[in-house]
Amino acid sequence: MSSDDPVEELDRAECRELLKQGVLGRLATAAGGEVDIFPVNYHSDGDSILIRTAPGTKLLEVTVHSAVAFETDDYTDEVAWSVVAHGRARQLEQQAEIDAADRAPLQPWVPTLKYRYIHIDIDAVSGRRFHRTAEPERW
């Protein structure tokens, strides 16, 4: 990357740190030949992603087809960034795992009962940082 390149590839460590800082992302699933994407709040330790949810489509889809993608991003006036993680999702079913998930700093954003957890083990992660500057002259 040259010093004036507006797009910067992030290494795995930077991606993991940004995942840990975020709270809102998008879960992408593909079950039955259909692709779906769901906005979710989440918690990450950098190696995995935890999502709190209720019974419904996203929970069913990760049960049918565990391969998922997850994306989170943020921006300021100077920079923007995006991190994409790929991995395998599963519903937590062991009581010890559920008890640990209950202690995570993860609260629903809407006042609904969300007492199921989806855990994503991250297999691959990539990210980019975008330096926000004025658009170059066209002519």
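See the structure printed just above.
Scoring rules and cut-offs
- Residues numbered from 1 in each chain as written.
- Predicted model: local features only at pLDDT ≥ 70, side-chain atom pairs only at ≥ 80, totals over all residues.
- Heavy atoms only, no water.
- Phe/Tyr/Trp six-rings, centres within 6.5 Å; stacked < 30°, edge-to-face > 60°.
- Helix = DSSP H or I, 4+ residues; strand = E, 2+ residues; numbered from the N terminus.
- Buried < 20%, exposed > 50% of the residue type's maximum accessible area, 1.4 Å probe, protein only.
- Salt bridge = Lys/Arg side-chain N within 4 Å of Asp/Glu carboxyl O.
- Core = buried A, V, L, I, M, F, W, Y, C linked by side-chain atoms within 4.5 Å.
- Contact = heavy atoms within 4.5 Å.

Caption draft 1: Region of interest: the packing of aromatic side chains. Taken as a whole and judged by the stated rule, the model has 1 aromatic pair. Ring plane angle 70 degrees and centroid distance 4.8 Å describe the contact between Tyr42 and Phe70, whose orientation is recorded as edge-to-face. You can see Tyr42 sitting in strand β3 (residues 34-44) and its partner Phe70 sitting in strand β5 (residues 67-75), a full 28 residues away along the chain. Neither Tyr42 nor Phe70 differs from the other in exposure class; each is buried.

Caption draft 2: Local environment of the pattern of salt bridges. For the structure shown, the criterion picks out 8 salt bridges. Across the pair Glu9 and Arg128 runs a salt bridge whose closest N-O atoms are separated by 2.9 Å. In this pair, Glu9 sits in strand β1 (residues 7-10) while Arg128 sits in strand β7 (residues 116-131), placing the two residues 119 residues apart along the sequence. What makes Glu9 exposed here is its relative accessible area of 52%. The exposure class assigned to Arg128 is partly exposed, which follows from its relative accessible area of 41%. Within this structure, Glu8, Glu14 and Arg129 form a network of salt bridges that share partners.

Caption draft 3: Highlighting the nonpolar core. In terms of nonpolar packing, the biggest core is built from 22 residues, with Leu19, Leu27, Ile49, Ile51, Ile118 and Ile120 touching the most fellow members. Leaving out residues up to four positions away in the same chain, Leu19 has contacts with Tyr42, Ser44, Ile49, Phe70, Thr72, Val83, Ile122 and Val125. Membership of the second largest hydrophobic core comes to 7 residues, among which are Leu50, Ala101, Ala104 and Tyr117.

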